[in-house]
Amino acid sequence: MESKTEYLGCYLRNLEIAIEHFESAEFLKTVGILKEARLARKNVFIIGNGGSASSASHIANDWIKNTRQKGKPDLKVLPLNDIALFSAYANDEGYETVYAEQIRSFGEEGDVLITMSTSGNSPNIIKAIQVAKEMGIKTIGWTGKTGGKMRNEVDLCLGTTTDYCGMIEDMHLIFGHIITVALSDETNTFCK
């Protein structure tokens, strides 16, 4: 019986290790950048592929709805995975342009781009980072253990200690949820 369920203990142990060893200095810098963006009323773009695109939408929802603070501007978060615009760029310009072209349209100097890629090698993510940097947009990458090409492209990279795709996505959602608390009034009640 034990051998049939050892995956459960194994997964949870490895997730616990990933949580204990994530890059906390980079995480705290990310929170600081987002606080500055909110006060300056800058856009925060958040993007990813596949499951990471779903995570981007989930995190954007949490940050838009749950980080409002009395007396402070709202955090302006834009997930760039609207299917009509996304598919138009994919069809007409190529899949690698789906985020870069939207950033060209909506981005301004001083905005923030958060990219999620478990491998760090997604061509559309790399192109979006390059366009953002050309425009003076701050770039933050959330990735896995190695970080792939993205690690050297972004201004700030927040990785994990795992290279298992599902667990990397778990960590990205954890980052998003902790940031929700950090940017909301919940900090005072949640951390008692």
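Reading the values: the criteria
Residues numbered from 1 in each chain as written. Predicted model: local features only at pLDDT ≥ 70, side-chain atom pairs only at ≥ 80, totals over all residues. Heavy atoms only, no water. Patch = residues over 30% accessible without salt bridge, like charges linked within 9 Å, V, L, I, M, F, W, Y side chains within 5 Å. Areas by Shrake-Rupley, 256 points an atom, 1.4 Å probe, with all protein chains shown as cover. Salt bridge = Lys/Arg side-chain N within 4 Å of Asp/Glu carboxyl O. Helix = DSSP H or I, 4+ residues; strand = E, 2+ residues; numbered from the N terminus. Axes fitted to C-alpha atoms, helices over the stretch in contact; angles between N-to-C directions. Parallel < 35°, antiparallel > 145°, perpendicular 65-115°, else oblique. Contact = heavy atoms within 4.5 Å. Nonpolar A, V, L, I, M, F, W, Y, C, P; charged D, E, K, R; others polar. Core = buried A, V, L, I, M, F, W, Y, C linked by side-chain atoms within 4.5 Å. Buried < 20%, exposed > 50% of the residue type's maximum accessible area, 1.4 Å probe, protein only. Phe/Tyr/Trp six-rings, centres within 6.5 Å; stacked < 30°, edge-to-face > 60°.

Draft legend 1. Broad picture of a nonpolar patch on the surface. Side chains of Tyr 7, Leu 8 and Leu 12 sit close together on the surface and give an oily, nonpolar patch of about 350 Å² of accessible area. Structurally, the position occupied by Leu 8 is in helix H1 (residues 2-20).

Draft legend 2. Broad picture of the packing of helix H3 (residues 51-66) against helix H8 (residues 165-182). H8 packs onto H3 with a crossing angle of 10 degrees between their chain directions and a minimal axis gap of 9 Å. Taken together, H3 and H8 sit at an angle that is classed as roughly parallel. Contacts between H3 and H8 involve Gly 51, Ser 52, Ser 55, His 58, Ile 59, Asp 62, Trp 63 and Asn 66 on the former and, on the latter, Glu 169, His 172, Leu 173, Gly 176, His 177, Ile 179 and Thr 180. Considered class by class, the residues forming the contact of H3 with H8 number 4 nonpolar, 9 polar and 2 charged.

Draft legend 3. Main features of the nonpolar core. Ranked by size, the top nonpolar core spans 27 residues in total, and within it Val 44, Ile 46, Trp 63, Ile 114 and Trp 142 carry the most contacts. Of all the secondary structure elements, the ones that give two or more residues to this core are H1, helix H2 (24-39), strand S1 (43-48), H3, strand S3 (112-116), strand S4 (138-142), strand S5 (156-158) and H8. In this structure, Ile 114 is in contact with Leu 34, Val 44, Phe 45, Ile 46, Ile 47, Trp 63, Ile 140 and Trp 142, ignoring residues within four places of it in sequence. By size, the runner-up hydrophobic cluster in this structure holds 21 residues, among which are Ile 103, Ile 126, Ala 132 and Cys 157.

Draft legend 4. The side chain of Asn 43, seen in detail. Along the chain, Asn 43 falls in strand S1. Setting aside chain neighbours within four positions, we find Asn 43 in contact with Lys 76, Leu 78, Phe 106, Asp 111 and Val 112.

Draft legend 5. Structural detail: the packing of aromatic side chains. In the structure shown here, the tally under the stated rule is 8 aromatic pairs. Note on Tyr 11 and Tyr 164: the rings are 6.0 Å apart at their centroids and 85 degrees apart in plane angle, and the pair reads as edge-to-face. Taken together, the positions of Tyr 11 in helix H1 and Tyr 164 in the loop between S5 and H8 put the pair 153 residues apart, joining distant regions of the chain. On the accessibility criterion, Tyr 11 (28% relative accessible area) is partly exposed. Where Phe 86 meets Tyr 99, the ring centres are 5.5 Å apart and the plane angle is 70 degrees; that geometry is what we call edge-to-face. Placement of Phe 86 in helix H4 (residues 83-92) and of Tyr 99 in the loop between H4 and helix H5 (100-106) is noted, with a sequence separation of 13 residues between them. In textbook terms, an aromatic cluster arises when at least three aromatic residues are bridged by ring pairs, as seen for Phe 22, Phe 27, Trp 63, Trp 142 and Phe 175.

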